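Summary of the model geometry
Residue-level listing of the chains:
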Amino acid sequence: MIEVKDLRRTYRGRPGGRRTEALRGVSFDVSAGQRFGIVGESGSGKSTLVRLMAALDKPTSGSISFRGTRIENLPERRLKFLRDDLQVVFQDPMSSLDPRMRVRDIICEPLDRNHDRKERLRELLDAVGLPQEAASRYPHQFSGGQRQRISIARALAPYPKVLVADEPVSALDVSVRAQILNLLADLVDRYDLTLVFVSHDLSVVRHVCDTVAVMRQGEIVELGAVEQVYQDP
Ligand code: ADP
Ligand code: ADP
């Protein structure tokens, strides 16, 4: 599904300033149906990797293939297939949801015009456990956990094959984290999704992933079955 080969990303910084090698040659494959975790401390390069996989940034060198197509140097007009097939859920739903838009428009935005939006909206609200009345409200009228449900519904709207979740519960109260994690795991099962789950917390990754890559200072230092990695010292 996704093949990452020798990926490097160096940030130049200001003229004369220090360069940061955020990724120093990262390689891994994510196969269809896999639940692939990426874990590492803050600054290890996780968000950089997410941006590259979602083609929101370009690598300094190396390649990323999505379903057999190299994406790292494609212009935006040729990325439509990726924009539909790979959806990202970010850490902070408040900064990724437009506060001026009603929930129904947020969720349906990724759908094209001829889609039966009403039916799809009903289905999506149901899938993420939000009441139908939520459709006519605005993001600020919801709690953190509910806002993350809205982002998840939006991500699922175009029937993606891959869901990339970047620290999806880190900004939430501890009391709602398990609910959102269980929801993600259920949806991945129900819709046969491939999951890339990014977190600084291995105990969270362990709940939802089968495989995990551990990153440190821009490199993968361990890669394997999640229980194996969890038990390693
Ligand atoms: P993580 O998501 O694991 O916290 P990041 O990918 O955000 O890691 O950051 C990796 C390294 O790259 C860090 O040293 C960070 O300071 C640096 N970095 C990230 N984004 C930028 C940027 N836009 N410009 C300069 N340096 C950056
Ligand atoms: P979180 O999900 O962020 O942990 P809670 O579910 O405890 O938080 O709710 C946080 C705040 O949001 C509470 O003050 C609660 O009353 C309010 N809230 C919860 N659901 C709604 C809603 N549907 N509309 C408006 N406010 C809500």
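An account of the accompanying structure is given in this report. (Residues numbered from 1 in each chain as written. Chains lettered and ligands numbered in written order. Predicted model: local features only at pLDDT ≥ 70, side-chain atom pairs only at ≥ 80, totals over all residues. Heavy atoms only, no water.)

As a further point, take the environment of Leu121. Mapping Leu121 onto the fold places it in helix α5 (residues 117-127). Taking relative accessible area as the criterion, Leu121 reaches 11% and is therefore assigned buried. Leu121 sits 40 residues away from Lys161 along the chain, and the two C-alpha atoms are 19 Å apart. When near neighbours in sequence (up to four residues on either side) are disregarded, Leu121 contacts Arg104, Ile107, Cys108 and Ala135. (Helix = DSSP H or I, 4+ residues; strand = E, 2+ residues; numbered from the N terminus. Buried < 20%, exposed > 50% of the residue type's maximum accessible area, 1.4 Å probe, protein only. Contact = heavy atoms within 4.5 Å.)

So, on to the site of ligand 2. Surveying the vicinity of ligand 2 reveals the residues Arg137, Gln141, Phe142, Ser143, Gly144, Gly145, Gln146, Asp173 and Val176. Asp173 places a side-chain nitrogen or oxygen 3.0 Å from an oxygen atom of ligand 2. Bound to the protein, ligand 2 loses 44% of the 560 Å² it would expose on its own. Top contributing element to the shell around ligand 2 by residue count: helix α6 (residues 144-156), with three residues. Residue composition of the shell around ligand 2, grouped by class: two nonpolar, five polar and two charged. (Near = heavy atom within 4 Å. Polar contact = N/O pair within 3.5 Å; in protein donor to acceptor, adjacent residues only side chain to side chain. Areas by Shrake-Rupley, 256 points an atom, 1.4 Å probe, with all protein chains shown as cover. Nonpolar A, V, L, I, M, F, W, Y, C, P; charged D, E, K, R; others polar.)

Turning our attention to the side chain of Arg35. Along the chain, Arg35 falls in strand β3 (residues 35-40). Engagement of the side chain of Arg35 in a polar contact is seen with the backbone oxygen of Ala185, the distance being 3.5 Å. For Arg35, the residues in contact, after removing those within four places along its chain, are Ala185, Val188, Asp189, Leu195, Val208, Cys209, Asp210 and Thr211.

Our next topic: the site of ligand 1. What surrounds ligand 1 is the set Tyr11, Thr20, Ala22, Glu41, Ser42, Gly43, Ser44, Gly45, Lys46, Ser47, Thr48 and Arg51. Contact between ligand 1 and Gly45: an oxygen atom at 3.1 Å from a main-chain N or O atom of the residue. Thr48 has a polar side-chain atom sitting 2.6 Å from an oxygen atom of ligand 1. Protein chains shield 60% of the accessible area of ligand 1, which is 560 Å² for the free molecule. The set of elements that each furnish at least two residues to the shell around ligand 1 consists of β2 (20-30) and α1 (46-53). With four residues, α1 is the single largest residue contributor to the shell around ligand 1. A per-class count over the shell around ligand 1 returns two nonpolar, seven polar and three charged.

Glancing now at the pattern of salt bridges. A complete count under the given rule lists 14 salt bridges for this structure. The shortest N-O distance in the salt bridge between Lys161 and Asp85 comes to 3.9 Å. Taken as a pair, Lys161 in the loop between α6 and β7 (162-166) and Asp85 in helix α2 (residues 80-85) lie far apart in primary sequence, 76 residues in all. What you see here is one network of salt bridges that share partners, running through Arg67, Asp85 and Lys161. (Salt bridge = Lys/Arg side-chain N within 4 Å of Asp/Glu carboxyl O.)

What follows covers the packing of aromatic side chains. In total, this model carries two aromatic pairs according to the counting rule given. Relative to Phe81, the ring of Phe66 lies with its centre 6.2 Å away and its plane at 50°, an arrangement referred to as tilted. Remark: Phe81 occurs in helix α2 and Phe66 occurs in strand β4 (residues 61-66); sequence separation between them is 15 residues. Judged by its relative accessible area of 2%, Phe66 is buried. Residue Phe81 is classed as partly exposed on the basis of its relative accessible area of 29%. Lying over the aromatic face of Tyr159, Arg120 brings its terminal NZ or CZ to 3.8 Å of the ring centre. Positioned above the aromatic ring of Tyr230 is the side chain of Arg206, whose terminal nitrogen or guanidinium carbon lies 3.8 Å from the ring centre. (Phe/Tyr/Trp six-rings, centres within 6.5 Å; stacked < 30°, edge-to-face > 60°. Lys NZ or Arg CZ within 6 Å of the ring centre and 35° of its normal.)

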